[in-house]
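The lines below spell out each chain.
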Number of protein chains: 2
Amino acid sequence: MPTLRLALCQVNPSVGDLTGNAALVRAWTRRAADAGAQLALFPEMMLTGYPVEDLVFRRSFVAASKAALDALAADLAADGLGELPVVVGYLDADGPPQVSGDAEPGRGARNAAALLHRGTVAATYFKHHLPNYGVFDEDRYFVSGDMLTVVRLGGVDVALTICEDLWQAGGPFAAARTAGVGLVVNINGSPYELNKDDVRLPVVRRRAAEAGATIAYVNMIGGQDELVFEGDSMIVAPDGTLLTRAPQFVEHLLVHDVQVPAATDGATAADGAEVADGLRVVRRTVDPIPAAPDGPAATGGIIEPVADEAEVWQALVLGLRDYVNKNRFPSVVLGLSGGIDSAVVAAIAVDALGPERVVAVSMPSQHSSEHSREDAADLAKRTGLDYRVEPIQPMVDTFLANLSLSGVAVENLQARVRGVLLMALSNQEGPLVLTTGNKSELAVGYSTLYGDSVGGFNPIKDVWKTLVWRLAKWRNAEATRTGQTPPIPENSIGKPPSAELSPGQLDSDSLPDYDVLDPILIGYVDGDLGRDGLVASGHDPAVVDKVLRMVDTAEYKRRQSAPGTKISMKAFGRDRRLPITNRWREDG
Amino acid sequence: MPTLRLALCQVNPSVGDLTGNAALVRAWTRRAADAGAQLALFPEMMLTGYPVEDLVFRRSFVAASKAALDALAADLAADGLGELPVVVGYLDADGPPQVSGDAEPGRGARNAAALLHRGTVAATYFKHHLPNYGVFDEDRYFVSGDMLTVVRLGGVDVALTICEDLWQAGGPFAAARTAGVGLVVNINGSPYELNKDDVRLPVVRRRAAEAGATIAYVNMIGGQDELVFEGDSMIVAPDGTLLTRAPQFVEHLLVHDVQVPAATDGATAADGAEVADGLRVVRRTVDPIPAAPDGPAATGGIIEPVADEAEVWQALVLGLRDYVNKNRFPSVVLGLSGGIDSAVVAAIAVDALGPERVVAVSMPSQHSSEHSREDAADLAKRTGLDYRVEPIQPMVDTFLANLSLSGVAVENLQARVRGVLLMALSNQEGPLVLTTGNKSELAVGYSTLYGDSVGGFNPIKDVWKTLVWRLAKWRNAEATRTGQTPPIPENSIGKPPSAELSPGQLDSDSLPDYDVLDPILIGYVDGDLGRDGLVASGHDPAVVDKVLRMVDTAEYKRRQSAPGTKISMKAFGRDRRLPITNRWREDG
C-alpha cells in the first residue's frame, strides 16, 4: 500500500486579507515541504478567511479571490514548491452573484477548494452540503456543488470535500466509496462550541466508515468577530482509528504518514459517472509529486483535548486577542469594579494581550464598597495591568443637580457616567472598550443599556454566571499549579454579587440565586424549552414565569449589545434571532 | 362562468399575539360576510404574525399556533360564519423542529396556509418556494412543501399559494395551470421596499399568465421591528387586467366579484398526480359556501400607488407607530437640535403618535447656535409636541474638570452627555428614545457611538440624507396643500448641516457634499459596486477611496446601532451582513 506524507496546516487566516493569507500559505507550504510532505492541506476559505458573509455579493471581492488563487499557484511554483500539491479553500463564482428577483434567484458563488500544482489550479471542488443553521447562512451565499473531485496523485485517489460535507450522511463521502477513493480530504472553517471536539471525532469516524477511506480533517484556528475556530485537525483511518490529532486553539503543522490503497481503474466509477446524491465524478491527475522521503515514518502524535474550563478559557483568550489584533486596536480598557465579571475579563485580557496592553479603571461612586476598591487594586497588583482610579461622583452629582431623577433612573445614571468615562478614554488614547456582562445578565436584562453595556467587545458574552465562577477558580488553580500568581482575588470570587448602584444592593434582591437561575436559562435559551418543559424538569413554576418574562422583555437590550466570543450553539447574537416586537409569552 | 365574491382582508397582525390575531380574523370575517363574500383571504402567517424568526424552534410556540388554528375554526363556526371559507396563514410542523446535527438536518416546520370551513381545517398548503435572501432566512426555518392544494368551492377550483411562490416561475403557478385551476390565492407577508409596488404588479401579471388563472394577492400591513408591510393587495385577471387594488399602509377590506371558469373533471390532473416542480395535486371540496349575493356586482376599485416621498413617509410613520404601540411604549423622546434630521424624525413621530405622545428635548451646549435653538422651538410650536430645554454645559464641564480630554474626545463627550440625559428621561418617565441619524451618517460613521446613536428605534435609519431633505420638503408641501401648518421650519431645511460639537463646525469639514456623497454610497451600499465600478460611473477616484474607507471602518458602529424602519433592499441591519473584522479594502 503506498504511503503518503500529509501536512495538515492548521493556520489562522484573516477575513479579507487575501495578501496576508496567501503569504501564510506560502510560508506553511515551505514548512510542509521541509518536513517532506507530499500533500499539503489548508482550511476552508483559506484565501479569503471565513465567514466572509455579504462580501460574497461584491463582484470585486470574488474577482480578487480568484486572482489571488492564480497568483498563489504561480508564486508557489516560483518558490520552488510547485510539485507539492496544495489544497486551499477560496471563494469562486460561476457568474455574477444575484441576490433575488423574479424567475431564478440564482446566485453563482461557490465555497470552493482548489488543488494547486506546478503553477496552476489543477483541480477544483465546490462544497456540496451547505449549512444553514446556527451561525451558518450558506444557502444565502452559495450554490451547492454537484461534482465529486477525485485527484490521482502519488498513485492514490484523493477526494476533496469541505466542512459540512462531513456532517451529513449520503453525500460526498458515500460518493467517495463508489468512486473507490483511498483518502478523503476535508477542509474546515468549523467554529468552536463547548464540547464540539467530543462530537467531531465520532462524526469523522462515521464518515471514514461510510467512505471506506482515510479522512484528513484540517480546521483553521483564530477569532473572527463572535466566532472562534479551534483547530483540532486530525487523521482517521477507514476502521475509525485516530491516527493523529493536533492541539486546539494554536497554529500547528500536523505531519503524518498514511497508508493509502493504490488507485485502480476499471472497478471504480469513471470520470463523469453519477455516483451519489446527484454528484458526478470529476477525475484529475497531478504528476509528479515529491518522492516519498527516506528515513523513519512521520507521526503527528495525538494531543488529547483539554478539560472544559481550559478549553473555554483558551477560546475566550484567542477570540479577544484576534478581535483586538486583527482590527488593529493598540490596547483595551475596561471598568474594574472588584466584582467577579470584570475580574475574569481583566484576566482574560491580560492572558490575551499582556498586562501592558490592558487598562483597567476603577470608577467608584458613593455606593462602592471599600472591599470593591481593594479587590480591584489587588487584581491590578497580581496581573500588572495599567490601573487607574476615576471617581464618578462629581459627574453623577451634576446630573442629579440638573435633572429630577429617582429610583432606577439614578442607578442607571451611575452606570452611564462610567460608560461615558470609558468611551472618553477610548477616544483620547485609542483602546477598545471591553464590556464585562455575563450571559446570565444579558439574558434577563440585568444591566444598564448604554451603561455597563458600553463597549466594542465582550469576552464573556456567552458565559453563564456560574461558568464565570468556575473559570475564575480554574484559572487561579492553573496559576498555582504552574507556580504563578493567581490573577483573580479570592474576594472577587467569594463575595455575593452586587451592582453597587444603591445602598446595600445585591443581585439576589432582583434575581433568583444563579444556581437556580442558570439551569432555567440554559433550558430556555440553549435548549429552546418552553414553560411547561422547564416546569416538568423540576423548576419552580413561579420562578420560571418570572425568569421567562425577564428574558423575553430584554431582547431590545441584547440587540444593542457589543459582539463577543461565542462558545455555545445559542449565544445571543447572529445565531439566535428573535423578534423584538413579539407578544408571545410562554405563560400565556 | 361562475362569479365568486372575494374579500381580501388587508389587516395588521402582531408577531406572537395569537389571541389578538385570531380575534382580528373573526372580526374581519364578520365584515367580509356582511359584504356578501363567498371566500375570505387573510395574509401569510396571519395567526402568528410575520416573521417569527427563531420562535419557530420553540415547540411550545408551534403547538400554540396549531391549537389557535383549530380554536379559530371552531370560533368562526360558533360565530355563525362557518360556511364562509376562510384562508389564513399559520405556523405548522410535521414533527419536532431540529436545528442541526449529524445525518439529516431535517427541520419539520412549515410556512402554512389553512382553509377553514364549518368549524374545521378543510385544507392546508405548505409554502413551496422559500426565500433566503435579503431579510429572508426561510431555508433556516422551514421545509419546502411539495403539494399543490386545490379546493373546489362554489363550483370553481381554487389553488392556495404563499408569497415567494409568486416570485419564481415554474412552481405552483405552472402546476396550477396543469391542474386546471380557475383562481390562485396568494397570501403574503411581503415587506415594503421603495418602488416594490412597481415590480409587484408585473410579477402578478406574469404568474396570472403562467397559471392561466385569476390571481388574488393579499398582503398584510404594519410594522414589525425593521420591516414594514404595505398591503397593496390586488386581483389580476388571467389576461393581466388589474381588476382591483387596495391602498398602501392602511388596513382595508377589498371586496370584489370575479368571474372564474367552472371546474371540470377529466381533462385536469387528478388527486395525487405530479404536476410541476415535484408538486403533487391534493384536491379538497368544501360545500356549501354562501350563495352568490343578489344586487349589483361588488367592485373594490383601483387605488393608484402614491408618489415616492408620500410612500416613504407613510412607511416610516407606520413603522414607528407599530414599533411603539406593539411594544407598548407610552410615548417617545428625542433630542431636537434644530437640524434637519431630528426635525424630520419629530414630524414623523407626531404623524405617527400625535403631538401629546412626543417629547422633544433641546440640549444646547456652548457650541449650539442661536438659530438652532430657535429652529427647535419653532418646530415645537408648529407641531404642538411636548418641548423641553435641558442645557448640557454643567455636565460637560464637570467631565472636563475631572478628565484630560481634547479634540474628538471632547466633541463626543457632548453627544454622550445628551445620550445620558435622554436615557435618564426614558428611565424616569417611560418614553422610548428615538435616534435620528440618517443612513448617510450611519454609512460613513459620522456619529458618536453611545452619543447621538443612543436610542431604541431610528425612524430614518434607512433614509439617505438627500432623501431626508426631499421628505421634509414634501411633508411641508403636503401640509400647505391641505391647509395645515408645515411642521418643519424652513431654516432647518435650508441651512448647511452641522453637528455643532466644536466652534463653527460643518458636516462639509469632514464629508463630501451630500449631493456627491449619497450617489457614491448608494452605488457601494445598495448596489454592491466596487471601487472600479464607482469610478467607472464617473465619481472622483480620490473621493471614492475616502468614502469607501469610511464605510468599511464604520461597521462596528452600525453593529451597535438601534433598529429602524427599512425602506430598501440594503438597509443596514439584518438584511446586510458584513464582518466587522475584515481587512478587505476596495482600494487594495
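Just so we're clear, the structure is a prediction, and the values are computed from it rather than from any experiment.

Calculation notes
- Residues numbered from 1 in each chain as written.
- Chains lettered and ligands numbered in written order.
- Predicted model: local features only at pLDDT ≥ 70, side-chain atom pairs only at ≥ 80, totals over all residues.
- Heavy atoms only, no water.
- UniProt positions renumbered as here; feature names shortened; annotations may be inferred.
- Helix = DSSP H or I, 4+ residues; strand = E, 2+ residues; numbered from the N terminus.
- Contact = heavy atoms within 4.5 Å.
- Buried < 20%, exposed > 50% of the residue type's maximum accessible area, 1.4 Å probe, protein only.
- Buried area = accessible area lost by both parts, 1.4 Å probe.
- Salt bridge = Lys/Arg side-chain N within 4 Å of Asp/Glu carboxyl O.
- Polar contact = N/O pair within 3.5 Å; in protein donor to acceptor, adjacent residues only side chain to side chain.
- Nonpolar A, V, L, I, M, F, W, Y, C, P; charged D, E, K, R; others polar.
- 1 Å grid on protein atoms, 1.4 Å probe; cavity = no way out; pocket = protein on both sides within 12 Å on 5 of 7 lines; lining within 4 Å.
- Points joined across faces, edges and corners; volume = space filled by probe spheres on them.
- Axes fitted to C-alpha atoms, helices over the stretch in contact; angles between N-to-C directions.
- Parallel < 35°, antiparallel > 145°, perpendicular 65-115°, else oblique.
- Left-handed = near helix turned anticlockwise from the far one by under 90°.
- Expected span 1.5 Å × (residues − 1).
- Least-squares fit on C-alpha atoms with pLDDT ≥ 70 in both.
- Pairing = 2+ DSSP bridges.
- Domains from an automatic or database assignment.

Asker: What exactly am I supposed to notice about the UniProt feature "active site" (unreviewed entry) in chain A here?
Answerer: Residues and elements named next belong to chain A. Following the UniProt record, one finds the feature "active site" (unreviewed entry) at Glu44, Lys127 and Cys163. Spatially, the listed residues are clustered: although they cover 120 residues, their C-alpha atoms lie within 9.7 Å of one another. Mapped onto the elements of the fold, Glu44 is located in the loop between strand 2 (39–41) and helix 2 (59–78). Discounting residues that sit within four places of it in the chain, Glu44 has contacts with Tyr50, Gly89, Asn111, Lys127, Glu138, Ile162, Cys163, Ile187, Asn188, Gly189 and Met220. Following the sequence through the fold, Cys163 ends up in the loop between strand 7 (156–162) and helix 4 (172–178). Owing to a relative accessible area of 5%, Cys163 belongs among the buried residues under this scheme. Not counting residues within four places of it along the chain, the set of residues in contact with Cys163 comprises Glu44, Lys127, Asn186, Ile187, Asn188, Gly189 and Ser190.

Asker: What's the story with the interface of chain A and chain B in this structure? I'm lost.
Answerer: Interface size, as often reported, equals the accessible area lost upon joining of the parts. Contact with chain A, which involves 93 residues of that partner, is made by 93 residues of chain B. Regarding the contact of chain A and chain B, the summed buried area is about 8200 Å², with carbon and sulfur atoms giving 53% of it. Put simply, Asp137(A) and Arg577(B) hold a salt bridge, and the shortest N to O gap is 3.3 Å. The interface formed by chain A and chain B holds 37 residue pairs in polar contact (both at pLDDT 80 or more) in total. Of all elements in the fold, only helix 2, helix 3 (138–141), helix 5 (196–211), helix 6 (308–326), helix 9 (393–402) and helix 10 (408–429) of chain A reach the threshold of two or more residues within the side of chain A that touches chain B. Here the side of chain A that touches chain B takes 12 residues from helix 10 of chain A, the largest share from any one element. Across the side of chain A that touches chain B, the residue classes break down as 42 nonpolar, 25 polar and 26 charged.

Asker: When you look at empty space enclosed by the protein in this model, what are you seeing that I'm missing?
Answerer: The method is simple in principle: a probe with the dimensions of a water molecule rolls over the atoms, and the space it marks as empty is what remains. Scanning the entire structure with this criterion turns up 16 cavities of 30 Å³ or more. Approximately 790 Å³ is the volume found for the largest cavity. What lines the largest cavity is a set of 31 residues, and nearest its centre among them are Arg559(A), Gly573(A), Arg574(A), Arg559(B) and Arg574(B). If you list the elements that add at least two residues to the lining of the largest cavity, you get helix 17 (555–559) of chain A together with helix 17 (555–559) of chain B. Taken together, the residues of the lining of the largest cavity break down into eight nonpolar, five polar and 18 charged.

Asker: How should the packing of helix 14 (residues 514–526) of chain B against helix 16 (residues 541–553) of chain B be read in this particular structure?
Answerer: Any two packed helices are characterised by the angle at which their axes cross and by the distance between the axes. Residues and elements named next belong to chain B. For the pair helix 14 and helix 16, the least separation of the axes is 10 Å and the interaxial angle reads 60 degrees. Put simply, helix 14 runs oblique to helix 16. Between helix 14 and helix 16 lies a crossing of right-handed hand. Residues Val516, Leu517, Ile520, Leu521 and Tyr524 of helix 14 lie in contact with helix 16, whose contacting residues are Val543, Val544, Val547, Leu548, Val551 and Asp552.

Asker: In this structure, what is going on with helix 7 (residues 340–353) of chain A? I would like to understand it.
Answerer: The terminal C-alpha atoms of helix 7 of chain A lie 20 Å apart, and with 14 residues this matches the ideal 20 Å at 1.5 Å per residue to within 8%. Where burial is concerned, most of helix 7 of chain A is hidden: 13 out of the 14 residues are buried.

Asker: I tried to follow the environment of Ala352(A) on my own but got confused; where do I start?
Answerer: Residues and elements named next belong to chain A. Here Ala352 is to be found in helix 7. With a relative accessible area of 8%, Ala352 lands in the buried category. If near-sequence neighbours (up to four positions away) are discounted, Ala352 is found in contact with Val317, Leu320 and Arg321.

Asker: Explain the environment of Pro579(A) to me, please; I cannot follow it from the model alone.
Answerer: Structurally, Pro579(A) is set in the segment after helix 17. For Pro579(A), a relative accessible area of 3% gives the class buried. Considered as a pair, Pro579(A) and Asp386(A) are 193 residues apart in the sequence and their alpha carbons are 41 Å apart. Among residues more than four places away in sequence, those in contact with Pro579(A) are Glu555(A), Arg559(A), Val15(B), Pro51(B), Val52(B), Glu53(B), Leu55(B), Gln224(B) and Asp225(B).

Asker: Please explain the relation of the copies chain A and chain B as it appears in this structure.
Answerer: Both copies of the chain are related through a single rotation about an axis accompanied by a shift along the same axis. Overlaying chain A with chain B gives an RMSD of 0.0 Å, the required rotation being 180 degrees about an axis along which the chain moves by 0.0 Å. The operation mapping one copy onto its partner corresponds to a two-fold rotation axis. The rotation axis passes nearest to the C-alpha of Gln560(A) in chain A, at a distance of 2.5 Å. Comparing contact sets, 100% of the residues at the interface of chain A also lie at the interface in chain B, consistent with an isologous, same-surface contact.

Asker: Any chance you could explain the sheet that holds strand 8 (residues 183–188) of chain A here in plain terms?
Answerer: In a beta sheet, neighbouring strands are held together by backbone hydrogen bonds and run either parallel or antiparallel to one another. Residue and element names in this part refer to chain A. Read from one edge to the other, the open sheet built from eight strands follows the order 13-12-9-8-7-6-16-15, with strand pairing classed as mixed. A single partner strand is all that each edge strand has here, and the edge strands are strand 13 (242–245) and strand 15 (274–276). Strand-to-strand, the axes of this sheet are offset by a mean angle of 25 degrees, without reference to chain direction. Of the strand pairs in this sheet, strand 7 and strand 8 are connected by five bridges, and their pairing is parallel. Along strand 8, the bridge assignment pairs Ile162 with Ile187. Contacts from helix 5 reach strand 8, strand 9 (214–219), strand 12 (234–236) and strand 13, with the element oriented near 40 degrees to strand 12.

Asker: Even after reading the chapter, I still don't get the domain arrangement of chain A, so can you show me in this structure?
Answerer: All names here are of chain A. Considered domain by domain, chain A is made up of domain 1 (3–286) and domain 2 (308–503). Measuring from the centre of the C-alpha atoms in domain 1 to the corresponding centre in domain 2 gives 40 Å. Listed as interface residues are 17 residues of domain 1 and, on the opposing side, 12 residues of domain 2. When domain 1 packs against domain 2, close to 1100 Å² is buried across both sides, 52% of that on carbon and sulfur atoms. On the domain 1 side of the contact with domain 2, Gly223, Asp225 and Phe249 bury the most area, a combined 38% of that side's loss. Between the two partners, domain 1 and domain 2, sit one salt bridge. Between Glu226 and Lys461 there is a salt bridge, with its nearest N and O atoms 2.9 Å apart. The interface formed by domain 1 and domain 2 contains nine residue pairs in polar contact (both at pLDDT 80 or more). Those elements that provide at least two residues to the side of domain 1 that touches domain 2 are strand 10 (221–224) and strand 11 (227–230). Considering each element in turn, the side of domain 1 that touches domain 2 owes the most residues, three residues, to strand 10.

Asker: Sorry if this is basic, but what is going on with the UniProt feature "binding site: deamido-NAD(+)" (unreviewed entry) in chain A here?
Answerer: All names here are of chain A. The UniProt record annotates "binding site: deamido-NAD(+)" (unreviewed entry) at Asn412, Glu441 and Lys557. Looking at the element boundaries, Glu441 is found in helix 11 (residues 439–444). When its relative accessible area of 10% is taken as the criterion, Glu441 is described as buried. Within the fold, Lys557 resides in helix 17. Exposure remark for Lys557: the relative accessible area of 17% places this residue in the buried category. Sequence-distant contacts of Lys557, that is, excluding residues within four places in its chain, are made with Gly445, Ser447 and Leu449.

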